[in-house]
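Below are the chains, spelled out letter by letter.
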Amino acid sequence: MTGLTVNTDLLRQVLVGFVRDEVHKVGVKKAVLGLSGGIDSALVVFIAAEALGPENVHAICMPYKSSNPESEVHARLVAQACGVNYSVIPITPMVDAYFDMFPDADNMRRGNKMARERMTILFDHSALLSALVLGTSNKTELLLGYGTLYGDMASALNPIGDLYKTQIWQLSEAMGVPAEVVEKQPSADLWAGQTDEEELGFSYCQVDELLYRMVDLRLTSEELIATGIAPEFIDTIYKKVQNSHFKRRMPVIAKVSNRTIDRDFRYSRDWGK
Amino acid sequence: MDFTAVLAQIKPKLGCVADNLALIEERIQLAIAAKADLVVFPELALTGYFLKDLVPEVALRLDSPEIRRLVELSRQISIVVGFVEETSDYRFFNTALYLEDGAIRHLHRKVYLPTYGLFDEQRYLARGEQFRAFDTKLGRMGMLICEDMWHLSASYILAMDGATTLICLSSSPGRGIAGETLSSANAWQQLTSTTAMFLNCRVLYCNRVGYEDGVNFWGGSEYVAPSGASLKRAMILEEDSVSALVDEGSLRRERIFSPMLRDENLFVTMQELSRIEQERGL
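A brief look at the structure comes next.

The rules behind the values
- Residues numbered from 1 in each chain as written.
- Chains lettered and ligands numbered in written order.
- Predicted model: local features only at pLDDT ≥ 70, side-chain atom pairs only at ≥ 80, totals over all residues.
- Helix = DSSP H or I, 4+ residues; strand = E, 2+ residues; numbered from the N terminus.
- Rg over C-alpha atoms; globule rule 2.2 N^0.38 Å.
- Buried ≥ 20, exposed ≤ 12 C-beta atoms within 10 Å, placed from the backbone.
- Axes fitted to C-alpha atoms, helices over the stretch in contact; angles between N-to-C directions.
- Parallel < 35°, antiparallel > 145°, perpendicular 65-115°, else oblique.
- Left-handed = near helix turned anticlockwise from the far one by under 90°.
- Contact = placed C-beta atoms within 7 Å.
- Pairing = 2+ DSSP bridges.
- Right-handed = clockwise from strand over helix to strand, strands pointing away.
- Nonpolar A, V, L, I, M, F, W, Y, C, P; charged D, E, K, R; others polar.
- Core = buried A, V, L, I, M, F, W, Y, C linked by C-beta atoms within 7 Å.
- Expected span 1.5 Å × (residues − 1).

1. Here's the deal with the overall build of chain A
Stage number 1. The number of helices and strands found in chain A is twelve helices and four strands.
Stage number 2. For chain A, the C-alpha radius of gyration of 19 Å lies close to 19 Å, the compact-globule estimate for 273 residues.
Stage number 3. Expressed along its principal axes, the backbone C-alpha trace of chain A runs to roughly 50 × 50 × 45 Å.
Stage number 4. Residues counted as buried form 40% of the 273 residues belonging to chain A.

Structure follows, in structure tokens:
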């Protein structure tokens, strides 16, 4: 686990500085984010509160009727622990109104719709509050594609997108995220009793070890097998990363001119900032 | 001679030459007020780092009003600054200037343009082709721009050319969060220290801070004595300024204690490099 162990003081300094600098340079003071009751959004709200001052951070809990009630309790607990503004906007009426038209929709469609409903609320509040939307996707789920494109994956800035789940745990503990939230089983909370690890079929510790060696250290398959990882697991994860790559890219543009956006029209997003 | 150098650890705005010039002028005035002899700015201080297609837009010719303004200010203090230079044949260089007494004393164009990992410089910029030491009223100096220093030959050439002070302008991104400090900071600290020690030279390293598209620049600008000891170091990740008294005595003593540079055999080096050149069919 050595490569996944982080210096939490240093990491905190980098990420708090990131949120402060990238928010302020756009000319705004505030951030808004969804607070699910889980650890990822809890860590981001702690980072944002430290970076911008808790009075400049707006956390919104957006439960659906099937969400575990404990999630909302935990979201409130986290918001209170770091002193940010907190509100609850249930998404049941909007989501149900839509699925009344499609009563046969499966869990995946429903889950995606909920994630995108929450996204529209966050971006509406971005305009309402002059606040940037903070992303809460971690590196593990971004690499596995375990998230909804234009849903929970949508944001203006993501402070934790380069942290594996096991690193999220370390930093959350160091920053004082309430223990109930750090210690509970990670869940997308789309339906009762759902847990990430059960749905994915492996533990975060296992997959982080593999991803770290595969992605960060660029070990070959042979080298990965030599470290004792099962070849089938390597194959499964490699395919997940490959097949979800579209979620990590801008939409593909058909090239017809000399300067196509993002291909030969290249500027940093912080252009002029 | 003894002199005072200020390392101006600034946070440039990406692509905003006028704003950055104002920021640089402000730091120059502070250094003048503090009676410093030399003020050093980071790589691409006038422009910011991840410029991409902005390169031609932010490039300055040596006779531009911005450069002329800095040259003028050098009547009061010596200035080292990084920017994008446009030449008359429309090439664009990552360039460092040494300004002194109202003139450009030396110009260094970055030779080693990193194009790997998060770097993409050679896509946008032309390569420099020289490492030359130069005389200033503060002694004989050599300039390096960031990646240049990761090539041992660059510092070696400058030292063999008589430089006693190596000035490195940097925009080094921070990465690696497992250790005591950022692993890129740790690597640089080893590099500046070892370079100073091997070549019996002092190193003035000036790195920027701030974030561009999520990439942090870690700062940690420092004055490394010829012994390899870091005598002054700026804060990590924060805007800062450090002032270092660069003294001739410690250079002299180091060159007496550890006369590696005196004993360096340029003849052997040249003979072996020539042989390698021939064998490679260059």
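Moving on from the model shown.
2. Brief notes about the packing of helix H4 (residues 92-99) of chain A against helix H5 (residues 107-129) of chain A
Axis angle and axis distance: for two packed helices, these are the angle between their axes and the distance between the axes, and together they describe the pair.
Residue and element names in this part refer to chain A.
Stage number 1. Two elements in contact, H4 and H5, have axes whose closest approach is 10 Å; the angle formed by their N-to-C orientations is 135 degrees. In this view, H4 runs oblique relative to H5, as classed from their interaxial angle. Judged by the sense of rotation from one axis to the other, the crossing of H4 with H5 is right-handed. Across from Met94, Val95, Tyr98 and Phe99 in H4, the residues of H5 making contact are Arg110, Lys113, Met114 and Glu117.

3. With respect to the pairing of strand S2 (residues 57-61) of chain A
Residue and element names in this part refer to chain A.
Stage number 1. The buried count for S2 comes to four of five residues, which makes it a mostly enclosed element.
Stage number 2. As judged from the four bridges shared by strand S1 (residues 30-34) and S2, these two strands associate in the parallel manner. Among the inter-strand pairings, Gly34 is bridged to a residue of S2, identified as Ile60.
Stage number 3. Tracing the backbone out of S1, into helix H2 (residues 39-52) and back to the parallel element S2 gives a crossover that is right-handed.
Stage number 4. The pairing of S2 with strand S3 (residues 85-88) spans four bridges and is parallel. Bridge assignment links Ile60 to a residue of S3, and that residue is Ser87.
Stage number 5. On the question of chirality, the crossover connecting S2 to the parallel S3 by way of helix H3 (residues 69-82) is right-handed.

4. Quick notes on the interface of chain B and chain A
Stage number 1. Contact with chain B, which involves 22 residues of that partner, is made by 21 residues of chain A.
Stage number 2. Considering every element that reaches the side of chain B that touches chain A, the biggest residue donor is strand S10 (residues 209-212) of chain B, with three residues.
Stage number 3. Residues of the side of chain B that touches chain A, tallied by class, amount to nine nonpolar, seven polar and six charged.

5. Focus on the nonpolar core
Stage number 1. Counting 74 residues, the largest nonpolar core has Val19(A), Ala31(A), Leu33(A), Leu43(A), Val45(A) and Ala48(A) as its most contacted members.
Stage number 2. Among the elements that line this core, the one with the most residues is H2(A), at eleven residues.
Stage number 3. Counting residues in hydrophobic clusters, the runner-up holds 68 residues, among them Ala5(B), Ile79(B), Leu144(B) and Val203(B).

6. Observations concerning the sheet that holds strand S8 (residues 165-170) of chain B
Residues and elements named next belong to chain B.
Stage number 1. Overall, mixed pairing links the six strands, which are arranged S6-S7-S8-S9-S12-S13 in an open sheet. Unpaired on one side and paired on the other, strand S6 (134-136) and strand S13 (230-233) mark the two borders of the sheet. Within this sheet the neighbouring strands show an average axis-to-axis angle of 25 degrees, counted without direction.
Stage number 2. Sheet analysis places S8 next to strand S9 (residues 202-207), joined by six bridges and oriented parallel. Bridging across to S9, Leu169 finds its partner in Cys206.
Stage number 3. Most of the contacts of helix H6 (residues 183-199) go to S9, to which it runs at about 155 degrees, and overall it touches S8, S9, strand S12 (222-224) and S13.

7. Overview of unusual backbone geometry
Residues and elements named next belong to chain A.
Stage number 1. The backbone of Tyr150 sits at a positive phi, close to 65 degrees, despite the residue not being glycine.
Stage number 2. Mapped onto the elements, Tyr150 comes out in the loop between helix H6 (139-144) and helix H7 (165-175).
Stage number 3. We note that Asp262 has phi near 75 degrees; this positive angle belongs to a residue other than glycine.
Stage number 4. By secondary structure assignment, the location of Asp262 is in the segment after helix H12 (231-243).

8. A short note on the pairing of strand S7 (residues 139-145) of chain B
Residue and element names in this part refer to chain B.
Stage number 1. With five of seven residues buried, S7 is to be regarded as a mostly interior element.
Stage number 2. Pairing of S6 with S7 involves three bridges; the strand directions are antiparallel. What sits directly across from Phe134, in S7, is Met141.
Stage number 3. Linking S6 to S7, which pair antiparallel, is a turn of two residues.

9. Considering the sheet that holds strand S1 (residues 3-9) of chain B
Residue and element names in this part refer to chain B.
Stage number 1. Taken in spatial order, the six strands line up as S5-S4-S3-S2-S1-S14 in an open sheet, and their pairing is mixed. Unpaired on one side and paired on the other, strand S5 (103-109) and strand S14 (240-246) mark the two borders of the sheet. Taking each pair of neighbouring strands and ignoring which way they run, the sheet shows an average axis angle of 25 degrees.
Stage number 2. Direction of pairing for S1 relative to strand S2 (residues 38-40): parallel, over a ladder of three bridges. The partner of Ala5 across the bridge, within S2, is Leu38.
Stage number 3. Packing against the sheet, helix H1 (residues 17-33) makes contact with S1, S2, strand S3 (78-86) and S14, and its axis sits at approximately 150 degrees to S2.

10. A look at H2(A)
All names here are of chain A.
Stage number 1. Over its 14 residues, H2 runs 20 Å from end to end, which matches the ideal 20 Å to within 8%, given 1.5 Å per residue.
Stage number 2. Of all 14 residues making up H2, 13 are buried, and the element is well covered by its neighbours.
Stage number 3. Count one or two residues on from H2 and you reach Gly53, which has phi positive near 90 degrees.

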